[in-house]
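Summary of structural features
One-letter residues, chain by chain:
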Amino acid sequence: MSDIDGRRWHDMGGQTAGQIPMEGHDFALWEKRVDALMVLCGGKGLFTVDGLRRALEDMGEDAFEKHTYYERWIASVNQNLIEAGAYTLEELAGKMDEVAARGASYGEAQGDG
Amino acid sequence: MGERVRIRASMPPGHIRAPAYLRGKTGVIERSLGAFGNPEQLAYGHAADKKQLYRVRFTMAELWGEGAEAPNDTVDAEIYDHWLEKV
Amino acid sequence: MPHDHHDHLSPSGHPYRADNDGPLTYWQRMEIAVRELLIEKGVVTPAEINAQIDAMDARSPANGAAVVARAWTDADFKARLLADASAASREMGFDIGPLNLIAVENTATVHNLIVCTLCSCYPRNLLGLPPDWYKTREYRSRAVREPRAVLREFGVDLPNDVQVRVHDSTADMRYIVLPARPEGTDVLDEAALAELVTRDSMIGTGLPRNPQ
């Protein structure tokens, strides 16, 4: 929420801003997976793109500034899946601990699948 | 088509797809796009009513007044009918 | 140097990228956990995830360029594209899923520019994932207020007699710009014309390349 007028932080059209940063990056595998999970879960009716956006918006402006695009997306995908009852927080906690115990890099932390 | 409409000026909290910079502004319906689920319900996991969606065209003069970069340039946006008021 | 992962390729069959060898981040840990839980619960299969990644990888600006080049060479197709860009894209064989696409035509007097001020809506099912700048605060904020200044940062300086039409993708439609065919391209065939069509020319932040 951006002060008195009620405009929310993500609603940026017309705001003052600086020069457009032109640098880009190739998407990493983990980012593509986040994207794929969003599309697949949407297709299966677990949540909608508006649900994705709503959770992103509710994270607030700090998250937009501090975290990358797909970091915010996985947080939002997870939030929506928890709300949809796809798994419990207990299950998530257990799985995240299990993943961390497998190795120190993304490649090493993959399961058997 | 060509009908003049104003975007509602209210600012409720929540997931809304009518951008703040268009609220209270008057434009012209450019085309009707059909009916789509209301994002204000979909965003919270609810079954959604179908809402008519319109593409509305605004002049830069209307949006930004004297400070417009080029008054006759335009912005089109898609707005659901519950955000439109007759002018 | 990243250590060698060629003995276990990623599920999409590609080698792991170097950035998969950096320290595991909290968010990557969450991604692995969410993905594995969904697989264990039978919500998705590894094959579905791989297929979706491959489908997204296969989408690129080249798809849009092919559509544009067809419109430049086939007046009937162009009419169909402007009437229903989703149907016209599917007619060319592109798998665009449920994309609702509108094509907007650049002419001698009109220049179109696409933005999503509320998030990052983009015709991803035709053109692939958007460039990073498209998702920035700077682009999203300024494109609807000072599109000409924005265009100058992209190297496009429009004369005053060209009207700018900005399209804010606020809801269910996505947009692609049909750029104007460059002068001096009468002798080029459709494939050669497609080479002139850049990603940015289909977003409106650029113009097609000029022929050699």
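Calculation rules
Residues numbered from 1 in each chain as written. Chains lettered and ligands numbered in written order. Predicted model: local features only at pLDDT ≥ 70, side-chain atom pairs only at ≥ 80, totals over all residues. Heavy atoms only, no water. Helix = DSSP H or I, 4+ residues; strand = E, 2+ residues; numbered from the N terminus. Buried < 20%, exposed > 50% of the residue type's maximum accessible area, 1.4 Å probe, protein only. Contact = heavy atoms within 4.5 Å. Areas by Shrake-Rupley, 256 points an atom, 1.4 Å probe, with all protein chains shown as cover. 1 Å grid on protein atoms, 1.4 Å probe; cavity = no way out; pocket = protein on both sides within 12 Å on 5 of 7 lines; lining within 4 Å. Points joined across faces, edges and corners; volume = space filled by probe spheres on them. Nonpolar A, V, L, I, M, F, W, Y, C, P; charged D, E, K, R; others polar. Buried area = accessible area lost by both parts, 1.4 Å probe. Salt bridge = Lys/Arg side-chain N within 4 Å of Asp/Glu carboxyl O. Polar contact = N/O pair within 3.5 Å; in protein donor to acceptor, adjacent residues only side chain to side chain. Domains from an automatic or database assignment. Pairing = 2+ DSSP bridges. Expected span 1.5 Å × (residues − 1).

Now for the overall build of chain C. Of the regular secondary structure elements, chain C holds 10 helices and 4 strands. Written out in order from the N terminus, the α and β elements of chain C read α-α-α-α-α-β-β-α-α-α-β-β-α-α. Summarising its shape, the C-alpha atoms of chain C cover approximately 55 × 35 × 35 Å along the three principal directions. Here chain C, with 212 residues, has 57% of them falling under the buried criterion. Long-range contacts, defined here as pairs at least 24 residues apart, represent 64% of the contacts in chain C between residues at least 6 apart. For chain C, the accessible surface area stands at approximately 8,800 Å², while carbon and sulfur atoms represent 51% of it.

It is the rolling of a water-molecule-sized probe over the atoms that shows where space remains empty. A volume near 420 Å³ is recorded for the second largest pocket. If you go around the second largest pocket, you meet 24 residues; those closest to its centre are His25, Asp26 and Phe27 of chain A together with Leu129 and Pro130 of chain C. Those elements that provide at least two residues to the lining of the second largest pocket are helix H1 (29–43) of chain A together with helix H2 (46–58) of chain C. Of all the elements, H2 of chain C adds the most residues to the lining of the second largest pocket, at 3 residues. Its residues placed into classes, the lining of the second largest pocket shows 11 nonpolar, 4 polar and 9 charged.

A word on the interface of chain A and chain C. With 65 residues of chain A at the contact, the number on the chain C side is 60 residues. When chain A packs against chain C, close to 5,700 Å² is buried across both sides, 64% of that on carbon and sulfur atoms. When residues of chain A are sorted by the area they lose upon contact with chain C, Ile20, Met96 and Tyr106 of chain A head the list and together hold 11% of the total. If you look at where chain A meets chain C, you find 9 salt bridges. In this structure, Arg102 of chain A and Glu36 of chain C form a salt bridge, with 2.8 Å as the shortest nitrogen-oxygen distance. At the junction of chain A with chain C, the criterion picks out 24 residue pairs in polar contact (both at pLDDT 80 or more). Counting residues per element, the ones that place at least two in the side of chain A that touches chain C are H1, helix H3 (61–66), helix H4 (69–84) and helix H5 (89–102) of chain A. Among the residues making up the side of chain A that touches chain C, the classes are represented as 33 nonpolar, 15 polar and 17 charged.

Moving on to the side chain of Asp76 of chain B. The topology assignment puts Asp76 of chain B in strand E4 (residues 74–80). For Asp76 of chain B, a relative accessible area of 1% corresponds to the buried category. A polar atom in the side chain of Asp76 of chain B sits 2.7 Å from the side chain of Arg57 of chain B. Beyond its immediate stretch of four places on either side in the chain, Asp76 of chain B contacts Glu30, Arg55, Val56 and Arg57 of chain B together with Val166, His167 and Asp168 of chain C.

The next point concerns the domain arrangement of chain C. Where interface size is quoted, it is often the accessible area lost as the parts come together. Taken domain by domain, chain C holds domain 1 (22–57) and domain 2 (61–203). When each unit is reduced to the centre of its C-alpha atoms, the spacing between domain 1 of chain C and domain 2 of chain C is 31 Å.

With that settled, the discussion passes to the pairing of strand E2 (residues 26–37) of chain B. All names here are of chain B. Both strand E1 (residues 4–7) and E2 contribute to a ladder of 3 bridges, which runs antiparallel. By the bridge assignment, Val5 is partnered in E2 with Gly27. Sheet analysis places E2 next to strand E3 (residues 50–59), joined by 8 bridges and oriented antiparallel. Pairing of Gly37 across the sheet is with Lys50, part of E3.

Attention now moves to the interface of chain C and chain B. With 28 residues of chain C in contact, the opposing surface of chain B contributes 22 residues. Between chain C and chain B lies a buried interface of about 2,100 Å² when both sides are counted; carbon and sulfur atoms form 47% of it. Per-residue buried area on chain C facing chain B is highest for Val144, Arg145 and Thr170 of chain C; these three make up 24% of the total on that side. There are 1 salt bridge connecting chain C and chain B. Here Arg148 of chain C and Asp73 of chain B are joined by a salt bridge, their closest N and O atoms 2.7 Å apart. Along the contact surface separating chain C from chain B lie 20 residue pairs in polar contact (both at pLDDT 80 or more). Element by element, the count of residues in the side of chain C that touches chain B is highest for strand E3 (residues 163–168) of chain C, at 6 residues.

Right, let's get into H1 of chain A. Here H1 of chain A spans 21 Å end to end across 15 residues, near enough to the 21 Å set by a 1.5 Å rise per residue. Along H1 of chain A, 11 of the 15 residues are buried, which leaves the element largely enclosed by surrounding structure. Contact partners of the buried residues in H1 of chain A: helix H2 (49–59) and H4 of chain A together with helix H1 (26–40), H2 and helix H6 (124–127) of chain C. After H1 of chain A finishes, the residue Gly45 of chain A shows a positive phi value of roughly 80°.

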